[in-house]
There are 2 protein chains.
Amino acid sequence: MRARREIDVPALVEKARAGSPRALGRLITLVENADPALREVMATLAPLTGSAHIIGLTGSPGVGKSTSTSMLVTGLRRRGLRVGVLAVDPSSPFSGGALLGDRIRLSDHVLDDGVYIRSMASRGHLGGLAWATPQALRVMEAAGCDVILVETVGVGQSEVEVAGLADTTIVLLAPGMGDGVQAAKAGILEVGDIFVVNKADRDGADATAREIRHMISLGDRTEPGLWRPPVIKTIADQNQGGDEVIEAIDKHWVWMSERGELTRRRRVRATREVEAIALAQLRSRMGGLSGDGVLAEAVGEVLEGRLDPYAAADRVVEVLT
Amino acid sequence: MRARREIDVPALVEKARAGSPRALGRLITLVENADPALREVMATLAPLTGSAHIIGLTGSPGVGKSTSTSMLVTGLRRRGLRVGVLAVDPSSPFSGGALLGDRIRLSDHVLDDGVYIRSMASRGHLGGLAWATPQALRVMEAAGCDVILVETVGVGQSEVEVAGLADTTIVLLAPGMGDGVQAAKAGILEVGDIFVVNKADRDGADATAREIRHMISLGDRTEPGLWRPPVIKTIADQNQGGDEVIEAIDKHWVWMSERGELTRRRRVRATREVEAIALAQLRSRMGGLSGDGVLAEAVGEVLEGRLDPYAAADRVVEVLT
């Protein structure tokens, strides 16, 4: 058994902040593995967080997420910003190297020490994205990333989840794939701050852009003072349109800052994170199925018909608090 | 505003037990609406629950769930049992009449006062199936149903959820639809206690049955003493095979009772139910985003970089307990 003390957390954090991708990688691995040292890591990082602009990037498979990410990284690097990329695959239990096949387009940036790229699996984590990803973001933030792109494949609820993690959410579409109706169904119209129609050299790009604009105009976002999500056409694999997207990201940042929306979003995010950790602690104190905890005892009475589930829950809460 | 006292819970429960489908329906509506009277309802019902055999029935759209349910109801009624049918649609926010189109096959039973049929939407309920369905089952159980069939469309995780609610889970397949690989992917191989290949007069029924048997044989269920799920062929719309399914249900019940598995499953179920209610109470005590609760205060310090999420959660738990 490896002793916990082997991990020198302050030294690791120091190295990560000095720009060591290896140290940064080790810290994120601690997050992924829910290592016992994680508490110390988070305590050390706390004063160093809160400065990065976190940008969520989501879209169905095939819309060109990797090329778009690469294009944005190029643009952000040109401005001299340190960039982190966290690719979260909500369907894969694998991590680290598993997504590297998809990451081939990002290989332009692997020799650039101003860019840190990491894949992360969220399946299998308690609470999925909600649990591990915010902590990985804290690590990258504390290590000095100015901007972090969180890339997620849009499957099921993950678009909505990624929106909960980001300051700004970009929804990627491609002609003929992302119909407006599909977008509305998946709830992405509500969560997108910026819509990008990639592969704009293909037939139907204008129609897709028009449809999304139309759907947005039907929503309640047209009220004065609200953010009206722009719809931008790009051809990521020819590096076209990236500057417009980055300008939109900047504008959204300014709008959020002026309106107090940035603080509001971050408060919601931190609240969910702390709440989830606190509830997990309380849950473990209840004792679950095993042994003679207060929960098991109350459940015994429910099974005998002496308590109803509400009264049983009351008793659990009473004993606990 | 309607006063809460308008609902005479003991009288309603009494009427439901005497066989009034109207009273039973009103009680389930209280569950669906999370009515304030629900606590009183559950307290009144507690001593009357625990006697019904709860059977989950799941399968993809088109496998013949309604006809199969109807066939089982016919067989169970022939034995003189009171039968409840709860059709849960996890994808629909509608309820009550919404599923009646699908329920047309059950119309053979609408004039039989030994059968109570109810549709229920689970979407929109806090915790979905996990929250409202167990309470609706308690109501039907207390009202005197000997057997309750819980029918759910197999989409996403609902098969696994329905298995968590039932004593016995039946997985319905149809030739050419339910490939073994699909079944394995969806996790239904693990949760099915009985597999039924319906539409057995169609081509490929034997192949589907063989495939499922093969998949089961690859699992760890072949160990001595474990329940080996039978694979039964039926033609529900010709009322063929129902008796074999009911015999398998009986055998599974006997096996579970002898092995202590029935108690174990019910304990798991009740534990989840009580835990969910208790956690919801604790969550609301934390105060959430609004106002000056302990959570909001701790989150404020996280945002300022003075606390990390774990330390913030510790404080929340400490204040609460």
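Visitor: Lay out the overall build of chain A with the relevant residues and their values.
Guide: The secondary structure content of chain A amounts to 13 helices and seven strands. Out of the 321 residues in chain A, the part that is buried amounts to 55%. Put simply, of all contacts in chain A between residues at least 6 apart along the chain, 76% involve residues at least 24 apart. When the accessible surface of chain A is split by element, carbon and sulfur atoms take 51% of a total near 14,300 Å².

Visitor: An account of the side chain of A:Thr234 is requested, with residue identities and associated values reported.
Guide: Residues and elements named next belong to chain A. With respect to the secondary-structure elements, threonine 234 resides in the loop between strand S7 (231-233) and helix H10 (242-259). Judged by relative accessible area, which is 0%, threonine 234 ranks as buried. Among the polar contacts made by the side chain of threonine 234, one reaches the side chain of asparagine 198 at a distance of 3.0 Å. The residues touching threonine 234, leaving out its near neighbours within four places in the chain, are Met71, Val196, Val197, Asn198, Lys199, Ala200, Gln240, Gly241 and Val245.

Visitor: Help me get a handle on the relation of the copies chain B and chain A, residues and values and all.
Guide: Superposing chain B onto chain A takes a rotation of 180 degrees combined with a translation of 0.0 Å along the rotation axis, leaving an RMSD of 0.0 Å. Here the symmetry operator amounts to a two-fold rotation axis. Every residue of chain B has its C-alpha some distance from the rotation axis, and the shortest such distance is that of B:Thr321, at 1.8 Å.

Visitor: An account of helix H4 (residues 65-78) of chain A is needed here, citing residue identities and associated values.
Guide: Residue and element names in this part refer to chain A. Taking 1.5 Å of rise per residue, the 14 residues of H4 would be expected to cover 20 Å, and the 20 Å separating its terminal C-alpha atoms lies within 8% of that figure. The buried fraction of H4 amounts to eleven of the 14 residues, a majority that puts the element mostly inside the structure. Taken from the residues just after H4, glycine 80 is the one with a positive phi, measuring 85 degrees.

Visitor: Go over the pairing of strand S5 (residues 168-173) of chain A with me, naming the residues and quoting the values.
Guide: Residues and elements named next belong to chain A. Among the six residues that make up S5, six are buried, leaving the element largely enclosed by the rest of the structure. Here S5 shows no split at all, with Thr168, Ile170 and Leu172 on one side and Thr169, Val171 and Leu173 on the other all buried. Of the strand pairs in this sheet, S5 and strand S6 (residues 194-197) are connected by four bridges, and their pairing is parallel. Bridge pairing links isoleucine 170 to isoleucine 194 in S6.

Visitor: Help me get a handle on the environment of B:Arg138, residues and values and all.
Guide: As for its placement among the helices and strands, B:Arg138 is situated in helix H5 (residues 129-142). B:Arg138 sits in the buried class, given a relative accessible area of 11%. The sequence separation of B:Arg138 and B:Arg79 amounts to 59 residues, and the corresponding C-alpha distance is 23 Å. When sequence neighbours within four positions are dropped, the list of residues in contact with B:Arg138 reads A:Val302, A:Pro309, B:Met42, B:Leu45, B:Thr49 and B:Glu273.

Visitor: Break down the interface of chain B and chain A for me, with residues and values.
Guide: The interface of chain B with chain A comprises 44 residues on the first partner and 44 residues on the second. When chain B packs against chain A, close to 4,300 Å² is buried across both sides, 72% of that on carbon and sulfur atoms. Run the count over chain B and chain A and you get four salt bridges. A salt bridge links B:Arg39 to A:Asp314, with the shortest nitrogen-to-oxygen separation between them at 2.8 Å. For the interface between chain B and chain A, the tally reads ten residue pairs in polar contact (both at pLDDT 80 or more). Where the side of chain B that touches chain A is concerned, the elements lending two or more residues are helix H3 (38-45), H5, helix H11 (261-286), helix H12 (294-303) and helix H13 (309-320) of chain B.

Visitor: How would you summarise the packing of helix H1 (residues 9-17) of chain B against H3(B) if you had to cite specific residues and measurements?
Guide: The geometry of a pair of packed helices is captured by two quantities: the angle between their axes and the separation between those axes. All names here are of chain B. Put simply, H1 and H3 touch, their axes get as near as 10 Å, and they point 50 degrees apart. Here H3 runs oblique to H1, going by the angle between their axes. In terms of crossing hand, the pair formed by H1 and H3 is right-handed. Residue-level contacts link Val9, Pro10 and Val13 of H1 to Glu40, Val41, Thr44 and Leu45 of H3. Of the residues belonging to the contact of H1 with H3, the class tally is five nonpolar, one polar and one charged.

Visitor: Explain the pattern of salt bridges to me, using residue names and the numbers behind them.
Guide: Counting across every chain of the model gives 30 salt bridges over all chains. Between B:Glu275 and A:Arg283 there is a salt bridge, with the nearest N and O atoms lying 2.9 Å from each other. Taken together, the positions of B:Glu275 in helix H11 and A:Arg283 in helix H11 (residues 261-286) put the pair across two chains. Overall, B:Glu275 belongs to the buried group, its relative accessible area being 10%. Among the salt bridges present, the one from B:Asp243 reaches B:Arg78, with a minimum N-O distance of 3.7 Å. Of the two residues, B:Asp243 sits in helix H10 (residues 242-259) while B:Arg78 sits in helix H4 (residues 65-78), which places them 165 residues apart along the sequence. Relative accessible area serves as the criterion here: at 44%, B:Asp243 is assigned to the partly exposed category. When salt bridges with common partners are traced through the structure, they connect A:Asp193, A:Glu261, A:Arg264 and A:Arg265 into a single cluster.

Visitor: With reference to specific residues and values, describe the packing of aromatic side chains.
Guide: All names here are of chain A. Tallied over the entire structure, the rule returns two aromatic pairs over all chains. Here tryptophan 227 and tryptophan 255 contribute two aromatic rings whose centre-to-centre distance is 5.8 Å and whose plane-to-plane angle is 45 degrees, an arrangement assigned as tilted. One end of the pair, tryptophan 227, is in the loop between helix H9 (205-218) and S7; the other, tryptophan 255, is in helix H10, with 28 residues separating them in the sequence. Accessibility expressed as a relative area gives 14% for tryptophan 227, which makes it buried.

Visitor: Run through the packing of H11(A) against H13(B), naming residues and quoting values.
Guide: Direction vectors running N to C along H11(A) and H13(B) enclose 55 degrees, while the axes themselves pass 8 Å from each other. Taken as axis vectors, H11(A) and H13(B) run oblique relative to one another. The chirality of how H11(A) crosses H13(B) is right-handed. Residues A:Glu273, A:Val274, A:Ile277, A:Ala278, A:Gln281, A:Leu282 and A:Arg285 of H11(A) touch H13(B), and the partners they reach there are B:Pro309, B:Tyr310, B:Ala312, B:Ala313, B:Asp314, B:Val316, B:Val317 and B:Leu320. When its residues are assigned to classes, the contact of H11(A) with H13(B) shows eleven nonpolar, one polar and three charged.

Visitor: Requested: an account of unusual backbone geometry, with residues and values cited.
Guide: All names here are of chain A. Phi at lysine 199 is positive, roughly 60 degrees, even though this residue is not glycine. Assignment of secondary structure puts lysine 199 in the loop between S6 and H9. For asparagine 239, which is not glycine, the phi torsion reads 60 degrees and is therefore positive.

How each quantity is defined
Residues numbered from 1 in each chain as written. Chains lettered and ligands numbered in written order. Predicted model: local features only at pLDDT ≥ 70, side-chain atom pairs only at ≥ 80, totals over all residues. Heavy atoms only, no water. Helix = DSSP H or I, 4+ residues; strand = E, 2+ residues; numbered from the N terminus. Buried < 20%, exposed > 50% of the residue type's maximum accessible area, 1.4 Å probe, protein only. Contact = heavy atoms within 4.5 Å. Areas by Shrake-Rupley, 256 points an atom, 1.4 Å probe, with all protein chains shown as cover. Polar contact = N/O pair within 3.5 Å; in protein donor to acceptor, adjacent residues only side chain to side chain. Least-squares fit on C-alpha atoms with pLDDT ≥ 70 in both. Expected span 1.5 Å × (residues − 1). Pairing = 2+ DSSP bridges. Buried area = accessible area lost by both parts, 1.4 Å probe. Salt bridge = Lys/Arg side-chain N within 4 Å of Asp/Glu carboxyl O. Axes fitted to C-alpha atoms, helices over the stretch in contact; angles between N-to-C directions. Parallel < 35°, antiparallel > 145°, perpendicular 65-115°, else oblique. Left-handed = near helix turned anticlockwise from the far one by under 90°. Nonpolar A, V, L, I, M, F, W, Y, C, P; charged D, E, K, R; others polar. Phe/Tyr/Trp six-rings, centres within 6.5 Å; stacked < 30°, edge-to-face > 60°.

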